Amino acid sequence: KHSSDNEDGEDDIDDLSLEEIRRALASRLTIGKIIDDQRHPHVLNEFTLDGIVEYIKEGRAKNIIVMAGAGISTSAGIPDFRTAGTGLYDNLEKYQLPYPQAVFDIRYFVENPKPFFLLAKELYPSKFKPTPSHYFVKLLE
């Protein structure tokens, strides 16, 4: 079953079940059992978190890539960069930067490293505790 196009030309995935999405991903990523086409290798015994854990424990995963966003750190109290009012870039006035991103710009750092070091001291290390996501990524090392 394929999603239908709505009036805006965007896919409407609301009609897809979780199982249909799982099958589509498994097929496109060539994971799980693919009955129709045996040209694709069988990778996971099951397309679940347990299946992934088993795959890693068996030593079959050679390279693991973690794609994460600011959300894995914001729950620890570490501010994201862009949220209005609470984001890091919105709270750098005291450093008198020419633009908020300058605190991480190497060209500005060469001219004036003080704002970077003040911010680093404020954020690191003792104020924040790692989240379960941080510990998970550390386990993958």
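Figured I'd write up the structure that's included with this text. Residue positions are given per chain, counted from 1 along the sequence in the order it is written. Local features in a predicted model are, by the rule used here, given only for residues with pLDDT of at least 70; side-chain atom pairs are given and counted only at 80 or more, and totals for whole chains, interfaces and linings are based on all residues. With hydrogens and water stripped out, all remaining heavy atoms of the structure feed into the side-chain values.

**Some thoughts on the packing of aromatic side chains**
And then number 1: Working definition: a ring pair exists when centres of Phe, Tyr or Trp rings (six-membered ring for Trp) sit within 6.5 Å. Plane angles under 30 degrees give stacked, over 60 give edge-to-face, the rest tilted. Tallied over the entire structure, the rule returns 6 aromatic pairs.
And then number 2: Ring geometry for F81 against F104: centres 5.6 Å apart, planes inclined by 65°, an arrangement best described as edge-to-face. One end of the pair, F81, is in the loop between α3 (71-74) and α4 (106-111); the other, F104, is in the loop between α3 and α4, and 23 residues separate them in sequence.
And then number 3: Each residue is placed in one exposure class: buried if its accessible area under a 1.4 Å probe, protein chains only, is under 20% of its type's maximum, exposed if it is over 50%, and partly exposed if it falls in between. Residue F81 is classed as partly exposed on the basis of its relative accessible area of 33%.
And then number 4: Taking relative accessible area as the criterion, F104 reaches 41% and is therefore assigned partly exposed.
And then number 5: With centroids separated by 5.5 Å and ring planes inclined at 75°, the aromatic side chains of F116 and F117 adopt a geometry described as edge-to-face.
And then number 6: Judged by relative accessible area, F116 falls into the partly exposed class, the value being 29%.
And then number 7: Counting every residue linked through ring pairs, the aromatic cluster contains F81, Y89, F104, F109, F116 and F117. The helix and strand labels rest on DSSP assignments: H or I over at least four residues marks a helix, E over at least two residues marks a strand, and numbering proceeds from the N terminus.

**Quick word on the environment of K62**
And then number 1: Relative to the helices and strands, K62 is located in the loop between α2 (49-57) and α3.
And then number 2: The exposure class assigned to K62 is exposed, which follows from its relative accessible area of 67%.
And then number 3: Within the structure, the side chain of K62 is placed 2.9 Å from the backbone oxygen of G59, a separation counted as a polar contact. Whenever two N or O atoms come within 3.5 Å, that pair is a polar contact, provided that in protein one can donate a hydrogen and the other can accept it, and provided that, for residues adjacent in sequence, both atoms are side-chain atoms.

Everything listed here is a matter of geometry and, on its own, says nothing about what the molecule does.
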